[in-house]
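# Residue-level structure breakdown
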Amino acid sequence: DLSRIIIDIPKDKKNGDYSCNIAFLLTKELKSKPMDIAGEIANKIDDDIIDRVEVANPGFINYLFKLRIYLLSNINTILDSGKIMVRVIMVMMKE
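We now turn to the structure provided with this report. (Residues numbered from 1 in each chain as written. Predicted model: local features only at pLDDT ≥ 70, side-chain atom pairs only at ≥ 80, totals over all residues. Heavy atoms only, no water.)

To continue, consider helix H3 (residues 34–44). For H3, the full list of buried residues reads Ile 37, Ala 38, Gly 39 and Ala 42. Along its buried surface, H3 packs onto helix H1 (22–25), helix H2 (27–30), strand E3 (50–56) and strand E4 (60–65). (Buried < 20%, exposed > 50% of the residue type's maximum accessible area, 1.4 Å probe, protein only. Helix = DSSP H or I, 4+ residues; strand = E, 2+ residues; numbered from the N terminus. Contact = heavy atoms within 4.5 Å.)

Strand order in the open sheet formed by four strands is E1-E2-E4-E3, and the pairing between neighbours is antiparallel. Pairing within the sheet leaves two strands with one partner each, and these edge strands are strand E1 (7–8) and E3. Here two bridges tie E1 to strand E2 (residues 18–20), and the two strands are oriented antiparallel to one another. Its bridge partner lying in E2, Ile 7 is registered against Cys 20. Contacts from H3 reach E3 and E4, with the element oriented near 165° to E3. (Pairing = 2+ DSSP bridges. Axes fitted to C-alpha atoms, helices over the stretch in contact; angles between N-to-C directions.)

Scanning the model with the defined rule gives two aromatic pairs in all. Ring centres of Tyr 18 and Phe 65 lie 5.6 Å apart, and the angle between their planes is 90°; on these two criteria the pair is classed as edge-to-face. You can see Tyr 18 sitting in strand E2 and its partner Phe 65 sitting in strand E4, a full 47 residues away along the chain. (Phe/Tyr/Trp six-rings, centres within 6.5 Å; stacked < 30°, edge-to-face > 60°.)

Judged by nonpolar contacts, Cys 20, Ala 23, Ile 37, Ala 38, Ile 50, Ile 61, Tyr 63 and Phe 65 together constitute the single largest core of eight residues. Among the elements of the structure, H3 and E4 are those that each provide at least two residues to this core. In terms of residues, this core owes the most to one element, E4, which gives three residues. Once you skip the residues sitting within four places of it in the chain, Ala 38 turns out to touch Ala 23, Val 55, Gly 59, Phe 60 and Ile 61. (Core = buried A, V, L, I, M, F, W, Y, C linked by side-chain atoms within 4.5 Å.)

A few words now on the side chain of Asn 21. With respect to the helices and strands, Asn 21 occurs in the loop between E2 and H1. Classification of Asn 21 by relative accessible area gives buried; the value is 12%. Separated by 2.7 Å, the side chain of Asn 21 and the backbone nitrogen of Ile 6 make a polar contact. In contact with Asn 21, other than residues within four places in its own chain, are Arg 4, Ile 5, Ile 6 and Phe 60. (Polar contact = N/O pair within 3.5 Å; in protein donor to acceptor, adjacent residues only side chain to side chain.)

Moving on to the side chain of Asn 62. One can find Asn 62 in strand E4. A relative accessible area of 5% places Asn 62 in the buried class. One polar contact links Asn 62 to Ser 19, side chain to side chain, over a distance of 2.8 Å. Once residues lying within four places of it in the same chain are set aside, the contact partners of Asn 62 are Asn 15, Tyr 18, Ser 19, Arg 52, Val 53, Glu 54 and Ala 56.

Next up, the structure:
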């Protein structure tokens, strides 16, 4: 069930830009520990925009993106967020 896969932004930035729980979801099917599954998945990830993939106890997969490439690939989202913030600030200043 793909809806159970969570890709989240870790609260602590030392855990990367994103974290994924997929290893926990595969334990029963693969009859293996989350840490082992996460390690196998992490070793197979090879992408130009990912700087580092780490496995964290008890089995999360943490991704750290190369900043420049990440920013370039998400520039529209970043700019749109900034435009929204500017509008909010302008509305607040009028009040």
